[in-house]
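A structural walkthrough
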Amino acid sequence: MSQRVSDEIVAKAMEEIRSGASSGRHGNTLPHVYKVGAPPKQTLWQEIKHSVVETFFSDKPFEKFKDQTASAKFFLGLQYVFPIFDWSRNYNLKKFRGDLVSGLTIASLCIPQDIAYAKLANLDPQYALYTSFVAPLVYAFMGSSRDIAIGPVAVVSLLLGTMLSDEISDYHSHEYLRLAFTATFFAGITQMALGVLRLGFLIDFLSHAAIVGFMGGAAITIALQQLKGLLGIQKFTKKTDIVSVMRSVFNSAHHGWNWQTIVIGLAFLAFLLTTKYIAKKNKKFFWVAAISPMISVILSTFFVYITRADKKGVSIVRHVKKGVNPSSASELYLSGKYLGAGIRIGVVSGMVALTEAVAIGRTFAAMKDYSLDGNKEMVAMGAMNIVGSLTSCYVATGSFSRSAVNFMAGCRTAVSNIVMSMVLLLTLLLITPLFKYTPNAVLASIIIAAVLGLVNVDAAILLWKIDKFDFVACMGAFFGVIFKSVEIGLLIAVGISFAKILLQVTRPRTAVLGKLPGTTVYRNIQQYPKATQINGILIVRVDSAIYFSNSNYIKERILRWLTDEEAQRTTSGLSRIEYLIVEMSPVTDIDTSGIHAFEELYKSLQKREVQLMLANPGPVVMEKLDASKLTNLIGVDKIFLTVADAVSTFGPKGEGVV
């Protein structure tokens, strides 16, 4: 039926309602009732184009290229890929002073952290230093965040080390190192592909609750792993679950612990935690916590050197290779038995790294009130990890602790990353041999102090108060990590996140509505106990789009509401229900299964002598109802703009009118 014929039928039906049947029930006081308008017809191409634009190009990235000359488009494209060419035009000495201070500050923090984090990945310390030299340089040119500090992080290092050692147990072998570079390469490919294809929304499937649990579990696991270095244990389990770790710790208690190592480790751990506490209490002293790891390394290295504590069983770093990154392009596994493992490890570690980086970037962007292009961030992260894999680096991402220090130190642009990178270059060229006598106990204490902040107890308590399902997701990821492994915890986190989505889609909420006294507003009677139901009418609101996955449930749930309400009203001596109004304002879309479910609902109601009415279907829904001829089945005179219009038309006299 054409749009014109539909409009004529609706207009005629409304006129008949006003002048005919209803006038006998309401007199001449019926207010004007607007008909529900059907949207303009769209072609298939228009619908596809609209869906693609909204899904992949909602930020209108090509808008600024319109009506530009070829040279202007080239420079705009260059600025889009390399944002540094955009913001550097307004760069000045004042901004550089802030970036210089923040860059030097995060460099003093990242050097000791890098040496420690390399151990989590089962790699030699220089590879983490290589990573903090190359990755920030690439990101500074391509990234859009002004505050994020790039480098190795604890969680990704542990994840990478665990998954790599599952494939190659001998992490001193050259094959292990090659697999690490291969995984880094495919992590970069994954990240860049997500950005280029504008699929960044995929990382949002990992819910905040799952991330809180996963990060907390990973932090506990990392801290427990450091008991080896903190207690001076020589023979330690390679497993990461809490049972295996604690068994290994207690089994070596009588003969494997070294008291000198314990004294050094606990002393500097107390120092690091004290400085963090001072910085937390007074933000002006953030620099105290920032430089405390470097102070710990310098003092402990000097102490071990002059006392030769290494000859008394204190484990030390021994050797950090001097010089800049060697090329590793020829080391990648692009064929052979380790190719599949490299891809799998790269995809997993790349996604985790990306999730962490985007979350950090968004946090600081919101604090400084500037926009962050998620897809551009993914391209930048992917590029830096691809370049890193070719220059002896492993997976890098944004570090929350370093980014927080960068922010508080007054960084203005990504130049702070360049400053940090230059400091790392000087470190690699000049002072790496000085780390020879650095005790592993101090590195363990640095890691423990760094990861304790990832255990967010307040967030878990808030999840319990707000959403019990979110709390279950959080605890599932947490216990999966600490009792099994990082990969299992991550799998549980993703699984529970998807389970929540499926549950919300397949079992949407519905509500019975009542009228608020003195108004024409209809709301959930459970939320508003004073809202009264209309005699002879049941009003049900569906709070979701209606798809194949939930259409049958919605139909059955509406019929159960009807059965329950009829029984309750019969008991109360009220008249039977003659009309069922479905409030469809929250229904953003409906598919063919949903249409079919409404046809079945209509037939079921007809058998019960109950009339079906719809209130405020949206444009997309109305278009599909009209195309499917469901409007003809229900009756165009049974589709209203508001619940109040439906009640004033078919309800008892005076209802719907204030």
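Residues numbered from 1 in each chain as written. Predicted model: local features only at pLDDT ≥ 70, side-chain atom pairs only at ≥ 80, totals over all residues. Heavy atoms only, no water.

**Comments concerning unusual backbone geometry**
In this model, Arg 308 sits at a positive phi of 50°, which is unusual for a non-glycine residue. Within the secondary structure, Arg 308 is located in the loop between helix H14 (286-307) and helix H15 (339-368). Take Arg 308: its relative accessible area is 30%, and that puts it in the partly exposed class. (Helix = DSSP H or I, 4+ residues; strand = E, 2+ residues; numbered from the N terminus. Buried < 20%, exposed > 50% of the residue type's maximum accessible area, 1.4 Å probe, protein only.)

**What to know about a positive patch on the surface**
Together, Lys 94, Arg 97, Arg 146 and Arg 412 make up a positively charged patch on the protein surface. Mapped onto the fold, Arg 97 is located in helix H6 (residues 93-120). (Patch = residues over 30% accessible without salt bridge, like charges linked within 9 Å, V, L, I, M, F, W, Y side chains within 5 Å. Areas by Shrake-Rupley, 256 points an atom, 1.4 Å probe, with all protein chains shown as cover. Salt bridge = Lys/Arg side-chain N within 4 Å of Asp/Glu carboxyl O. Lys, Arg positive; Asp, Glu negative; His and termini not counted. Charge placed at Lys NZ, Arg CZ, Asp CG, Glu CD.)

**Re the UniProt feature "domain: STAS" (unreviewed entry) in the protein**
When the UniProt feature table is mapped to this numbering, "domain: STAS" (unreviewed entry) covers residues 527-650. Secondary structure content for residues 527-650 is 48% helix and 15% strand, while the C-alpha to C-alpha distance between its ends is 25 Å. (UniProt positions renumbered as here; feature names shortened; annotations may be inferred.)

**Some words on the side chain of Ser 544**
Of note, Ser 544 is situated in the loop between strand E5 (537-542) and helix H23 (551-571). Note on Ser 544: relative accessible area 14%, which makes it buried. Setting aside residues no more than four positions away along its own chain, Ser 544 makes contact with Pro 508, Asn 550, Pro 586 and Val 587. (Contact = heavy atoms within 4.5 Å.)

**Looking at the packing of helix H7 (residues 125-142) against helix H18 (residues 415-431)**
In contact at an axis separation of 8 Å, H7 and H18 are set at 150° when each is read in the N-to-C sense. In terms of their interaxial angle, H7 and H18 are classed as roughly antiparallel. Viewed along their axes, H7 and H18 form a crossing whose handedness is left-handed. Every residue of H18 that contacts H7 at Leu 129, Tyr 130, Ser 132, Phe 133, Pro 136, Leu 137, Tyr 139 and Ala 140 is listed here: Asn 417, Ile 418, Met 420, Ser 421, Met 422, Leu 424, Leu 425 and Leu 428. For the contact of H7 with H18, the class distribution of residues is 13 nonpolar, three polar and no charged. (Axes fitted to C-alpha atoms, helices over the stretch in contact; angles between N-to-C directions. Parallel < 35°, antiparallel > 145°, perpendicular 65-115°, else oblique. Left-handed = near helix turned anticlockwise from the far one by under 90°. Nonpolar A, V, L, I, M, F, W, Y, C, P; charged D, E, K, R; others polar.)

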